[in-house]
Amino acid sequence: MGSIFLPHLRTGWHVDQAILSEDDRLVIIRFGREEETQCMIMDEILYSISEKIKNFAVVYLCNIDKVPDFNAMYELDQDRSEPFTIMFFHRNKHMMCDFGTGNNNKLNFMINDKQELIDIIETIYRGAKKGKGLVVSPRDYSAIRRDR
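This report concerns the structure included in the present document. Quick caveat, the model's predicted, so the values are computed rather than measured. (Residues numbered from 1 in each chain as written. Predicted model: local features only at pLDDT ≥ 70, side-chain atom pairs only at ≥ 80, totals over all residues. Heavy atoms only, no water.)

1. A word on a nonpolar patch on the surface
Consideration 1: Together, Ile4, Phe5 and Tyr47 make up a nonpolar patch on the protein surface, roughly 320 Å² of accessible area in all.
Consideration 2: Mapped onto the elements of the fold, isoleucine 4 is located in helix H1 (residues 2-5). (Patch = residues over 30% accessible without salt bridge, like charges linked within 9 Å, V, L, I, M, F, W, Y side chains within 5 Å. Areas by Shrake-Rupley, 256 points an atom, 1.4 Å probe, with all protein chains shown as cover. Salt bridge = Lys/Arg side-chain N within 4 Å of Asp/Glu carboxyl O. Helix = DSSP H or I, 4+ residues; strand = E, 2+ residues; numbered from the N terminus.)

2. Digging into the sheet that holds strand S2 (residues 57-63)
Consideration 1: Taken in spatial order, the five strands make up an open sheet running S2-S1-S3-S4-S5, and their pairing is mixed. Two strands in the sheet have a free side with no partner beyond their single neighbour: S2 and strand S5 (134-136). The average angle at which neighbouring strand axes cross in this sheet is 30 degrees, direction not considered.
Consideration 2: Sheet analysis places strand S1 (residues 26-32) next to S2, joined by seven bridges and oriented parallel. Residue leucine 26 lies in a different strand from S2, and its bridge partner there is alanine 57.
Consideration 3: Sheet contacts for helix H2 (residues 12-21): S1, S2 and strand S3 (84-90); angle to S1, the most-contacted strand, approximately 155 degrees. (Pairing = 2+ DSSP bridges. Axes fitted to C-alpha atoms, helices over the stretch in contact; angles between N-to-C directions. Contact = heavy atoms within 4.5 Å.)

3. Concerning the nonpolar core
It is characteristic of soluble globular proteins that their nonpolar side chains tend to be buried jointly.
Consideration 1: With 32 residues, the main nonpolar core has Leu26, Ile28, Ile53, Phe88, Leu107, Leu117 and Ile121 as its most contacted residues.
Consideration 2: Per-element tally for this core: the top contributor is helix H4 (residues 114-129), with seven residues.
Consideration 3: When sequence neighbours within four positions are dropped, the list of residues in contact with leucine 26 reads Phe56, Ala57, Val58, Phe88, Phe89, His90, Met95, Ile121, Ile124 and Tyr125.
Consideration 4: If you look at the next biggest cluster of nonpolar residues, it comprises 17 residues, including Ile19, Leu76, Met87 and Phe89. (Core = buried A, V, L, I, M, F, W, Y, C linked by side-chain atoms within 4.5 Å. Buried < 20%, exposed > 50% of the residue type's maximum accessible area, 1.4 Å probe, protein only.)

4. Some words on the environment of serine 142
Consideration 1: Along the chain, serine 142 turns up in the segment after S5.
Consideration 2: C-alpha separation for the pair serine 142 and glycine 100, spaced 42 residues apart in sequence, amounts to 4.8 Å.
Consideration 3: Serine 142 has contacts with Phe99 and Gly100, leaving out every residue within four places of it along the chain.

5. A word on the packing of helix H3 (residues 37-53) against H4
Consideration 1: Put simply, H3 and H4 touch, their axes get as near as 10 Å, and they point 60 degrees apart. Pair H3 / H4 crosses with right-handed handedness. Contact with H3, carried on its side by Met42, Ile45, Leu46, Ser48, Ile49, Lys52 and Ile53, involves Lys114, Leu117, Ile118 and Ile121 of H4 and no other residues of that element.
Consideration 2: Each residue belonging to the contact of H3 with H4 can be placed in one class, and the counts come to eight nonpolar, one polar and two charged. (Left-handed = near helix turned anticlockwise from the far one by under 90°. Nonpolar A, V, L, I, M, F, W, Y, C, P; charged D, E, K, R; others polar.)

Right, here's the structure in full:
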């Protein structure tokens, strides 16, 4: 149900404009398929925290089947065991976060704790405001990451 209330980016141009249009806030884009269960759950979590983070972040959703423009560039839809990918941008710059998983480009695993996700977003935002392109997550997720 959360995916109904969050803004959808319907074309590649809309994705670019969302990234370019924000000067002060962090742009969070969830790439994935709304019909997949884990993606639906993550959309619910993102929607539930959107009001709490609205002063420093904005959340958008992008269906990778309807907008395939970024699939190769951001390595989306490469692994069917990753039902979604969350990416962070600030002032037209891709923000990276070291989660301890080996992939600093994106968040592609479930975080069920809302406060934990808010902490990650806030950490990325604070790093972005300081001009950093890579920040370290407040928690190491290497131990809980499923083996591939």
